[in-house]
Structures are given as structure tokens and as C-alpha cells.
2 protein chains.
Amino acid sequence: MAAISNGQVIAGPTNPMVTPLLTDLYQFTMAYAYWKAGKHNERAVFDLYFRKNPFGGEYTVFAGLEECIKFIANFKLADDEIDFVRQSLSSSCEEGFYKYLSGVDCSEVEVYAIQEGSVVFPKVPLVRVEGPIAVVQLLETPFLNLINYASLVATNAARHRFVAGESKMLLEFGLRRAQGPDGGIGASRYCYMGGFHATSNVAAGKIFGIPLRGTHSHAFVSSFMSPDEIIDKSLHSSDKRSTCEDFVSLVQTWLSKIQWSNSLNGTFGETNHSELAAFASYALAFPDNFLALVDTYDVMRSGIPNFCAVALALNDLGYKAAGIRLDSGDLAYLSSEARKIFRIIEKEFGVTGFGKTVITASNDLNEETLDALNKQGHEVDAFGIGTHVVTCYAQAALGCVFKLVEINNQPRIKLSEDVTKVSIPCKKRSYRLFGKEGYPLVDIMTGENEPPPKVGERILCRHPFNESKRAYVVPQRVEELMKCFWHGPGGVREDLPPLKDIRERCISQLGKMRPDHMRRLNPTPYKVSVSAKLYDFIHFLWLNEAPVGELQ
Amino acid sequence: MAAISNGQVIAGPTNPMVTPLLTDLYQFTMAYAYWKAGKHNERAVFDLYFRKNPFGGEYTVFAGLEECIKFIANFKLADDEIDFVRQSLSSSCEEGFYKYLSGVDCSEVEVYAIQEGSVVFPKVPLVRVEGPIAVVQLLETPFLNLINYASLVATNAARHRFVAGESKMLLEFGLRRAQGPDGGIGASRYCYMGGFHATSNVAAGKIFGIPLRGTHSHAFVSSFMSPDEIIDKSLHSSDKRSTCEDFVSLVQTWLSKIQWSNSLNGTFGETNHSELAAFASYALAFPDNFLALVDTYDVMRSGIPNFCAVALALNDLGYKAAGIRLDSGDLAYLSSEARKIFRIIEKEFGVTGFGKTVITASNDLNEETLDALNKQGHEVDAFGIGTHVVTCYAQAALGCVFKLVEINNQPRIKLSEDVTKVSIPCKKRSYRLFGKEGYPLVDIMTGENEPPPKVGERILCRHPFNESKRAYVVPQRVEELMKCFWHGPGGVREDLPPLKDIRERCISQLGKMRPDHMRRLNPTPYKVSVSAKLYDFIHFLWLNEAPVGELQ
């Protein structure tokens, strides 16, 4: 399935299970009630936003928009889907409704949104959806589903990158622990968007073009018994000019050299044979990409000397070993010890660059353990992060909501005992105002028809609900936040950028935030405001709708 | 895609994105290294198990097996998938490997597993997969992905049901906050399996036949302005014999009756008009299933009287209102107050059964809030649970692992500094031993060829790693835990039962556990053991493989 809009072919959502039925039943019961009341075509405006940044932070990365647009561009109920809705609603529902449903598409829907990969803040609409109320309500659940997790993971990835530091490689290894198949595929996409460099997930690599990483597991190591079982021991040199007929012997020779080395001073004794066989075998298969998992038996007594022996044998043939992976134990200590050995070997055997052999670490890493590693000092170059980044273990859900803000040009407000849950009514515009130093200062929402804030002009920014919180701002730059991403199939709209561009936008925007908003502990909240006019209107409407209490 | 095995047609996995590429890259690099070493057809046995029950509990519900069997029954790499693997591996990899890969299927694979929906415990294999090592490794990541989240959610659902109490209806409302589209679809399936009664997720209803629930949202309520906008106000009586021409007036008449009622004693003043219009409209659409969300403006001052007015008007026409939903505020207090009003109305207006009107509660419910509601006392009949059950907010991942336990009939062990991470070697059988009172007493693992424990015979059960922990047991009943679920396409195997049967097995097994294992606070651990023979062998192998340290 693929729609054409604006000259661009828009395929359906990545997961073919994202159909118009992937929604809550009440969207269909409401659609029927709207239809029955003759209200289904009333023009409604809904805002999609969240109320609180995740992970105790003060920023969020917005993601999931492309999937939403793919969904609406191809939105159409198939006959069997309509039959199922018919079975699911009351038998008293009129047949005319199903006829109406079979004609429903998103040609009358408009979607304005912040660009995917942007840094965003609470209360400011990420997406504004306008259209016939019955249709827009059907979109509520899938939009929330597609955006909530995407934004949560992208934010989580960005936070992990922030703690790890820009110079480190971040690899997403979470598929096996993810919340279902596309919990895994989605995680790979949105981790990459948030700044990760690669994934282990082959399907995600194929679908999204994300770089792939992976070598071998503990099972590979323990599946070998001894070097004797290796049959084909020959290996061409890197330049193909010569062949080493017995690579395994060459490895064993190097192992004794290491064991008897003066500089290593008897550090190494007997190593595990099954591990040595596994490493040699893996090197014979991938001489130009030998990366060994060194903790199956004992990192320092077996894994490191076995790795070095194979790496030095490869070096004799013109290959450069890719590195080691540590998957257990004290990663700060082991990485530092490994680095020392690599440096000694570089010096002792004159192998240039050996000291810089890449060290990858994995094993239940998260923001806290990365931070702890930094504080202890470590020699890890790349981190493999799984469970914590893909399941967002520290906070497994983002609470985006989808609220009616206007119907038939009438503003609507959703009240609540809890003031943070009161919605901001009206079809709105929103802007990001930048200060002298280039940092964003504040986001401001205005009514649809208010004049936009102007560079160099003083503007009053008010907290939407707290009377006493307000500030004048003279912006040095003004950026309107929402752009049109869907205006029916024929409407002019923003193109959907490739994933790499979204990733770059994300990394660049994160890099331009004032550092105190970004720090892990006690970050400063970024300010979100409304114009004076919108403030007054919110409070007028609020008083109008709220019942007056009676104390008894 | 659908394979035929054992006379049963086995369709592919529910999510078509579950393909042989939904795996970690290292499964393919290892497959190449095995192939290159001529080891790829060596017969390997892997155990899939977890090390620790989730949510601080002492039990887990095993789920996800059917998806695994659907996956392997249809396992075959397509040409474009092989091309992608070729692109992803080193260009030096030999073409023969891709030819081999194109012929790979699961005809040589055997899967033994505990039945889906069973109550299971740490260390005991949930699934044992045997086959050519290169093939079985390709299955590792998808099996873990399909089982980890499924088992986690089913367990979470069972725990919520346990706290809510058996008499309560549990509705899964989590799609919008789930971790991606099939985070939502999978959650619906496994919540139902774990004892929930229905879901709001229409797609899950269609795919799995799970009962659906849903009525309307706050947006529906606030989309109405006043009862005047309702055009078609007529409603047939339930028996179709008469028609009320102005249902809205009937509602308004009832509203004044309630407002002026002596027993209600002036409890109610003016209610919100837009809410009244929405309720009347919804009732006109669904007279036989009127369930109203009563907290858009003010539950006691507006929602409840408006609901009662509509419900009483429906009652005049022979319809019984389905109930109310509370989605905010103090659910214990509001449900009790609502119940009082319903009872007064039953009495005052002689509407039999009105006092029992169903009260549904939602709003960020979890085990803790359910427990708190129970302690306070409440009148809720049904709970709508979303975020916490589907994202497993309290613990977002289960840590199932997949470990090599035997290759070429040689037992293998995975060591670790952390004794809880040492694997239990050998191809094994496992049994559940039941005591006099009918409760399961202990699970025991034995070597493949040991005689099974016999009813009435004393057997020594040993903790696998702790020498001093052992006990004699005389089982009154012995149940072998693993059955064959795949033995190549032609092999005899267990049928895949329908979801309802799995759900019943789950509920029945949970009901037969000794209560102290199941309680929420400080539950007693269930015992998991090995036979004396297996214990001795584990420790022999351990000493054999572990390097001897040298203190310096």
C-alpha cells in the first residue's frame, strides 16, 4: 500500500499491523454516536502533547511523526475491517454508518507538527490534527501509540549519549529484551535517531539502513573444545600475496611469546583451550574484523592473552584486529588493565596502534552505570546498551495526550482537579524564541490569528496557569515550531526527510541547548509560555466552564 | 505463509515483521564462522530460562511459545534477506555460505517446552531447543524477544488480577502508551492470557478474539455545547412497541426530579449542559449499552446526576444503563458516593437493580493503587488498566537467556564470577513434584537419561549451587514439565491450544499454588532443585573448566 501526495510516494507504516483497527474501541463507538447525532463532520482541532519530560530530565526528543504521516496517507478501512467493527458494535447500530465508514479517509485532515528529531517541551503541541471530528478521533490512539514510545526511546538514547560522551560509540543491543518484535525494531530506529551509532538488529538495519554491529557470543566460545578441532587452518595474508598454512600454530607461537614476555613479566599462565580455538576460528572466518568476547572464562587470565595471541598472528598477515568486548565484571578495572596490556604489547612487539585496540563494554549498562564508569575512569571506546535503552527501564512510558481544543471554531477546555491536567484551549501557533547567545530561551503559544513575535521586539511571555510567573523577552531569533505535514493528499506540505537528516537535526538541536537544561542532576526547566492574550482567554474560559462549589 | 505440520496448519507469526532477520547480527557472523569451521551441523542443545522472577514476586507466567512455534514452522530466508546478510557481512565471506543459508530451515530442530500459560520458576528451562548449532543460534534472539515480553506481561496481568480480586472485571486499556504497535497488540493478548477479561484494542480483538470494551472519552463530552444541538431526539422503546419522540425532554424531566428529590435532599444543583447533551446523545446511539464517563467537569455535581437522569429516562423505555466510568480523583471516595446515590435512586424511584449499576474506574492504576483502594474500601466493579500493565512499568524487562548446555553430546557450562549466572549444563528433563495437599512442592531437573521421580518414592532434591540446601521429597504426583512442540515438520508434537485454553490453564494453575508463594509482600520462594546425580556432575564440570587462581 502506498499513497502519492505532493509528488512523494508515501508507503504505509513500517509495521503492517498498524491499520485503522489499531485503535481503541471507543473511537468507533464515538464515531457512531457522532454520526448518529449528525456531528461527524464537525471540524475539530486536537493537540497532541505531553505534560512532563521523562527520566527526571528537562527535555524530550520528538519522534514518530513519519509513521503517523504514513498511517494517515494510507488510511482506509478494508471491508473485513468494517465487518469486524460491525460485529463489535451493537446490533442496533444503523447500516448507514458502515457505509459512511467505508468512505472515510484522511483527505479532509490537516496535520501540523514540530519536525521529527526536534527537542521539545511539555504542554507545547507536538502535533495539531484538524479535521472531521469522527475521523480525527479514530487517529487518536494510533498517533499516541506511534509517538509516545518513539519519543521516549529517542530521548532515552540522547540521554545515554550525553552521559557516555560524544567521543564514544554507542551500539544498541536490545532486541532480545525489547517489548515485542517492533518494540525492538522501533527501538533501533529511535535509538539511532537519538544519537546511537549502530544496532545489532538485522531487520532494523535492512528496513532503515542503520549500521549493524555484532561478532560472537559466549555460546560460540563454549561450543569449541580445543584448537585440534579446527580443520582448515590456512589463512591468506591481507594483501593475498602469501598464505599461512597453519594459522593455529602461529597463534600458539604468539601465545607462548606473550606468556614468556619480559615486559608482561609472567602475567599470563595457561589459558582456556576452547576459548583459544573459538578465537582462532573466528579470526579465520573474519580476519579483517576480528573482535573477541573475552569474558567467557576469565578476562585477564584467559580472554586477553588469547585475544592478543590471535591479534598478533593476524598482524603478521597484515590484518588489524577490531578489538575486544567485555560483558561482565568490573568494566572500569578490566578495561584499564586491558589497555595496559595492549600498550605493553605495542611497545614490546613494535605493533603500531595496538595500544589503541578498541574496547567495547556491555552488560546491563544505563545512565547510572555509564556515569559511574566515567567517575572511576575507564578505557572503554564503545558501549553496547540493551535492556535499559530499548525498554526505557527507568521510565517505561511517556504520557502524551490528545485533547480537543476547538470544535466548529469554538475553543474547548478540559478541566481537572489537577491544574497540570487542564488543557490549553484554542487552535494555536507556537514559537521558539532565541536569546543573544544563540540558545533557545522560551517557547510561546499564541492564538492562531495573533501576530507572530518579532525579532528585537519585546514580548510578554506568561506561564499558562500561574498568574505570577511571566517575563518580557526580546528575541534575537524566532522560529515557528509547527509546519504542515499533511493537508489532504493534494495539499502542499513538508517532505518527510530521511532518517539520517532527522538524526542530524536531533544531534544538532541537542548540542545547541543551554547546558543547564541538559545536565543529568537538577537540570533547569526550560520555560514554556503563552501570550498575554491567550492567557486571558484560557482563564476566561476556565471560569466559564468550572462549576462553582458550595461549602456546606 | 503457512506451514503444515502434524496435520495442523501453522501460520506465520502474528506480526509479519518477525522474519529470520529479526535477530542479532552476531547470529549470522557466528553462523558463518561455524560454517567456515565445518561445525555448523554439530548438534547443540540450548536452554531458555530466566534467573529471577519479575516484580519482586516468586512466580512467573510462561507465554510466547505459540509465536515461537509459528516462527520456526515457517523459518526460511528469502532471497532479498540473504542478499542483505551478504551486504552486512565481510566481502571476504565465501559464497558457499549464502547457498547454505538459502537451504536452512527448522526441519532438523526439536523444541521441548513447558506449556504456554504455565506457572514457572527461575533456572528451570522454559524451552529446550536442539538442532544444528548454526540454525539454533539464529533462533536465539527471536525466541528471547517473543518470550521475554510475553511472559512479563502475562505475569504482570496475573499479579494485577490477584490484587484486584477474582470478582472484579479487568479491562486492558494500554494501547496508546504501549511500546510500539505490537507492544500494544502483544499486551492485549498476554493480559488476556494472564486473566484480564477484555481489551480496548480493536486490532487485538480481531486477531485474537479477545472481548472488546469501550464507550467514550472526555473529548466526546466536551465536543457538545448544549442539548439544543441534538436534532433527532426520538428513541424506540427496548421492545420496539413505542417511541419516545423527545428523549432529551424526558432526560431533562428526570434531571429535575433528581434535583428536587427528597431523599437526595438537594444534593444536586445545576449540571453541565454540554455533558448532559453528550450523555443523551450517546444514549440515543447506544440505548442498550449506555456507559458514561462522568468526570469531565465534576463527578458528584455534574457527571453523576446527568448520568442518572439519562439512565432513568432509558429505564422508562425498557433499557438498563451499563454504568459509569471514573477516570480521575479519589476513586475510593467517588465510587462509594456514586454507589450511595444509585441505591437511593433505586429506592426512591423503584428502579430494581439501579443500586448495582456497574462502576468502572481507570486512571494510572497499578498493583499499589489497587491495593490502596482495597484498604480504603471502594465500590468499583471493573478496573481499566493501561500504562502500568502494558509497559510493565514496575519492571520493564524480563531477563530470559538462551544458553548452550550440550554440543555433540558433550555437556557445556557457562561460568561467571556471579554464581547466579552459572548455567546448568546437560540436556535435561524437569518435573514438578506435588505434595499431599495438592500444591506443587518443588521443581527438579535431572539428566536426560535418569529415571524419572516416582509417586510415593523418596527423592533427594538439591539446590543446584548451594551444597547445604537439600531436602527429601515423597511426591504424591509427578508432572513432567517439558513436552515436544516441534520435531521437524513431520514429527509428532503437542498441538497449539487456542488462546482461551491457555488462559484457563493459567488461571487454574495460579489458583492451585500455595498462597504464600503468591502474596504480594514477602512471598515465599518456590523451590527449584536438581537431582543428586546432576548436582555432582555440575560441580565436576565447574571445577574442570574454571581456571585456578593464583594469589600474589
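Residues numbered from 1 in each chain as written. Chains lettered and ligands numbered in written order. Predicted model: local features only at pLDDT ≥ 70, side-chain atom pairs only at ≥ 80, totals over all residues. Heavy atoms only, no water.

Chain A goes by Nicotinate phosphoribosyltransferase in an unreviewed UniProt entry, where it is assigned to Rosa chinensis. According to the UniProt record, the Function (unreviewed entry) comment for chain A is "Catalyzes the first step in the biosynthesis of NAD from nicotinic acid, the ATP-dependent synthesis of beta-nicotinate D-ribonucleotide from nicotinate and 5-phospho-D-ribose 1-phosphate. Helps prevent cellular oxidative stress via its role in NAD biosynthesis." Turning to chain A, the UniProt annotation filed under Sequence similarities (unreviewed entry) states: "Belongs to the NAPRTase family." (UniProt positions renumbered as here; feature names shortened; annotations may be inferred.)

Asker: Looking at this model, I keep getting lost on the overall build of chain A. Mind explaining?
Answerer: The helix and strand tally for chain A stands at 17 helices and 24 strands. Overall, the C-alpha framework of chain A stretches about 85 × 55 × 55 Å when taken along its three principal axes. When burial is assessed residue by residue, chain A has 63% of its 552 residues classed as buried. Of the contacts formed within chain A by residues at least 6 apart in sequence, a portion of 73% connects residues at least 24 apart. Surface summary for chain A: the accessible area is close to 20400 Å², and the carbon and sulfur share equals 49%. (Helix = DSSP H or I, 4+ residues; strand = E, 2+ residues; numbered from the N terminus. Buried < 20%, exposed > 50% of the residue type's maximum accessible area, 1.4 Å probe, protein only. Contact = heavy atoms within 4.5 Å. Areas by Shrake-Rupley, 256 points an atom, 1.4 Å probe, with all protein chains shown as cover.)

Asker: Help me out: how do you make sense of the interface of chain A and chain B in this one?
Answerer: Think of interface size as the accessible area that goes away when the parts come together; that is how it is often given. At the junction of the two partners, chain A supplies 111 residues and chain B supplies 111 residues. Across the chain A to chain B interface the summed buried area is about 9200 Å²; carbon plus sulfur atoms make up 60%. Its largest share of buried area at the contact with chain B, chain A owes to M17(A), R176(A) and Q179(A), together 9% of the area lost on that side. The interface formed by chain A and chain B contains 39 residue pairs in polar contact (both at pLDDT 80 or more). When residues of the side of chain A that touches chain B are assigned to their parent elements, the largest contribution, 10 residues, is made by helix α1 (residues 25-36) of chain A. In terms of residue class, the side of chain A that touches chain B is built from 51 nonpolar, 36 polar and 24 charged. (Buried area = accessible area lost by both parts, 1.4 Å probe. Polar contact = N/O pair within 3.5 Å; in protein donor to acceptor, adjacent residues only side chain to side chain. Nonpolar A, V, L, I, M, F, W, Y, C, P; charged D, E, K, R; others polar.)

Asker: Even after reading the chapter, I still don't get the sheet that holds strand β14 (residues 359-361) of chain A, so can you show me in this structure?
Answerer: Within a sheet, adjacent strands bond to each other through the backbone by hydrogen bonds, running parallel or antiparallel. Residues and elements named next belong to chain A. The sheet built from 6 strands is open, its strands ordered β9-β8-β15-β14-β13-β12 with parallel pairing. Of all strands in the sheet, those bounded by a partner on one side alone are β9 (198-199) and β12 (291-293). Pairing geometry for strand β8 (residues 169-172) and strand β15 (residues 382-385), over 4 bridges, is parallel. Each bridged residue has a counterpart across the sheet, and for E172 the counterpart in β15 is I385. (Pairing = 2+ DSSP bridges.)

Asker: Looking at this structure, I do not really get the UniProt feature "domain: Nicotinate phosphoribosyltransferase N-terminal" (unreviewed entry) in chain A. What am I missing?
Answerer: Within the UniProt annotation, "domain: Nicotinate phosphoribosyltransferase N-terminal" (unreviewed entry) is assigned to residues 21-148 of chain A. In residues 21-148 of chain A, helix accounts for 43% and strand for 17%; the two terminal C-alpha atoms are 18 Å from one another.

Asker: Would you mind showing me how to read the relation of the copies chain A and chain B here?
Answerer: Both copies of the chain are related by one operation, a rotation about an axis with a shift along it. Here chain A sits on chain B after a turn of 180° about the axis and a move of 0.0 Å along it, with an RMSD of 0.0 Å. Taken together, the rotation and translation describe the operation of a two-fold axis. Mapped onto chain B, 100% of the interface residues of chain A again fall at the interface, so both copies present the same surface. (Least-squares fit on C-alpha atoms with pLDDT ≥ 70 in both.)

Asker: Explanation requested: the packing of helix α5 (residues 133-164) of chain A against helix α6 (residues 181-193) of chain A in the structure shown.
Answerer: Packed helices, taken two at a time, are described by their axes: the angle between them and the distance between them. Residue and element names in this part refer to chain A. Between α5 and α6, the least distance of the axes is 8 Å, while the angle of their chain directions is 50°. Put simply, α5 runs oblique to α6. Helix-helix and strand crossings are classified by hand; for α5 and α6 the assignment is right-handed. Contacts between α5 and α6 pair Y149, A150, V153, A154 and A157 from the former with G183, A187, Y190 and C191 from the latter. Partitioned by chemical class, the residues of the contact of α5 with α6 number 8 nonpolar, 1 polar and no charged. (Axes fitted to C-alpha atoms, helices over the stretch in contact; angles between N-to-C directions. Parallel < 35°, antiparallel > 145°, perpendicular 65-115°, else oblique. Left-handed = near helix turned anticlockwise from the far one by under 90°.)

Asker: Explain the packing of aromatic side chains to me, please; I cannot follow it from the model alone.
Answerer: What characterises a pair of aromatic rings is the spacing of the ring centres plus the angle enclosed by the ring planes. All names here are of chain B. In this structure the tally under the stated criterion is 42 aromatic pairs over all chains. On the basis of an interplanar angle of 90° and a centroid distance of 5.2 Å, the ring pair of W254 and F349 is categorised as edge-to-face. Here W254, found in helix α9 (residues 247-260), pairs with F349, found in helix α12 (residues 331-349); they are 95 residues apart in sequence, far enough to count as distant. Note on W254: relative accessible area 8%, which makes it buried. (Phe/Tyr/Trp six-rings, centres within 6.5 Å; stacked < 30°, edge-to-face > 60°.)

Asker: I tried to follow the environment of N289(B) on my own but got confused; where do I start?
Answerer: Residue and element names in this part refer to chain B. Structurally, the position occupied by N289 is in the loop between α10 (273-285) and β12 (291-293). Residues N289 and A321, spaced 32 residues apart in sequence, show a C-alpha to C-alpha distance of 6.3 Å. Residues contacting N289, with those up to four places away along its chain left out, are Y282 and A322.

Asker: Looking at this structure, I do not really get the nonpolar core. What am I missing?
Answerer: Judged by nonpolar contacts, the single largest core of 368 residues is most densely connected at F247(A), I304(A), F307(A), F247(B), I304(B) and F307(B). Non-local contacts of I304(B), meaning those with residues more than four positions away in its chain, are made with F268(B), V294(B), V299(B), I324(B), A338(B), I341(B) and F342(B). (Core = buried A, V, L, I, M, F, W, Y, C linked by side-chain atoms within 4.5 Å.)

Asker: Can you walk me through the environment of L291(A) in this structure?
Answerer: Residue and element names in this part refer to chain A. The residue L291 is located in strand β12 in this model. By relative accessible area, L291 is classed as buried at 15%. The spacing of L291 and G323 is 32 residues in sequence and 4.7 Å in space, taken between C-alpha atoms. With sequence-adjacent residues up to four places away left out, L291 is seen in contact with T215, H216, Y282, A322, G323, I324 and R325.

Asker: When you look at unusual backbone geometry in this model, what are you seeing that I'm missing?
Answerer: The phi torsion of most residues other than glycine is negative, and most of the peptide bonds are trans. Residue and element names in this part refer to chain A. Even without being a glycine, C392 presents a positive backbone phi close to 50°. Judged by relative accessible area, C392 falls into the buried class, the value being 0%. A positive phi is found at C426, a non-glycine position, where the angle reads about 85°. Relative to the helices and strands, C426 resides in the loop between β17 (410-411) and β18 (428-434). Classification of C426 by relative accessible area gives buried; the value is 11%.

Asker: For this particular structure, what's the right way to read helix α3 (residues 79-88) of chain B?
Answerer: Turn by turn, an α-helix covers 3.6 residues, leaving residues three or four places apart pointing in a common direction. Taken residue by residue, α3(B) has E81(B), I82(B), F84(B) and V85(B) as its buried positions. Taken down its axis, α3(B) places every buried residue within 160° of arc, on the same side. The exposed residues of α3(B) that point more than 90 degrees off its buried face are D79(B) and Q87(B). Buried residues belonging to α3(B) abut α7 (202-208) of chain A together with α1 (25-36) and α4 (95-102) of chain B. (Arc of directions from axis to C-beta.)

Asker: Can you walk me through the sheet that holds β12(B) in this structure?
Answerer: Strands sit in the order β9-β8-β15-β14-β13-β12 (chain B) across an open sheet of 6 strands; the sheet is parallel. Edge positions in the open sheet fall to β9 (198-199) and β12 of chain B, since each of these has one partner strand only.

Asker: Can you walk me through the packing of helix α2 (residues 65-73) of chain B against helix α5 (residues 133-164) of chain B in this structure?
Answerer: All names here are of chain B. Relative orientation of the contacting elements α2 and α5 amounts to 150°, with a least axis distance of 9 Å. It follows from the interaxial angle that α2 and α5 lie roughly antiparallel. Crossing hand, α2 versus α5: right-handed. In this structure, α2 contributes E67, C68, F71 and I72 to the contact, and α5 contributes L139, P142, F143, L146 and I147. For the contact of α2 with α5, the per-class residue count stands at 8 nonpolar, no polar and 1 charged.

Asker: Help me out: how do you make sense of the pairing of strand β3 (residues 43-49) of chain A in this one?
Answerer: Side chains on a regular strand alternate between the two faces of the sheet. All names here are of chain A. With 6 of 7 residues buried, β3 is to be regarded as a mostly interior element. In terms of strand pairing, β3 meets strand β16 (residues 401-407) through 6 bridges, oriented antiparallel. Paired with D47 across the two strands is K403, which belongs to β16.

Asker: For this particular structure, what's the right way to read the confidence of the model for chain A?
Answerer: When pLDDT is averaged along chain A, the result is 95, and 99% of the positions lie at 70 or above. Predicted as a complex, the structure gets a pTM of 0.97 and an ipTM equal to 0.96. (pLDDT = per-residue confidence, 0-100.)

Asker: What am I meant to see in the pattern of salt bridges here?
Answerer: If charged atoms from side chains of opposite charge come close, those side chains can pair. All names here are of chain A. Taken as a whole, this structure holds 62 salt bridges over all chains when the rule is applied. For R520, the salt bridge identified is with D371, shortest N-O distance 3.3 Å. Separated by 149 residues along the polypeptide, R520 in the loop between α16 (515-518) and β24 (527-530) and D371 in helix α13 (residues 367-376) bring together distant segments of the chain. In this structure, the salt-bridge partner of R429 is E448, at a minimum N-O distance of 4.0 Å. Remark: E448 occurs in the loop between β19 (440-447) and β20 (459-462) and R429 occurs in strand β18; sequence separation between them is 19 residues. For R429, a relative accessible area of 28% puts it in the partly exposed group. Looking at E448, the relative accessible area reads 22%, which means it is partly exposed. Several salt bridges share partner residues, and in doing so they unite R159, E367, E368, D371, K375 and R520 into one network. (Salt bridge = Lys/Arg side-chain N within 4 Å of Asp/Glu carboxyl O.)

Asker: Please clarify how the environment of F247(A) should be interpreted in this entry.
Answerer: Residue and element names in this part refer to chain A. As for its position among the elements, F247 is in helix α9 (residues 247-260). Along the backbone, F247 and H40 are 207 residues apart, and their C-alpha atoms lie at a distance of 75 Å. Once residues lying within four places of it in the same chain are set aside, the contact partners of F247 are K233, L235, A280, A283, L284, V310, A313, L314 and L317.

Asker: Looking at this structure, how should I read α6(A)?
Answerer: All names here are of chain A. With 13 residues, α6 ought to run about 18 Å at 1.5 Å a step, and its terminal C-alpha atoms sit 19 Å apart, in line with that. A large share of α6 lies buried, amounting to 13 of its 13 residues. Trailing α6 by a residue or two, G195 shows a phi angle of about 120°, which is positive. (Expected span 1.5 Å × (residues − 1).)

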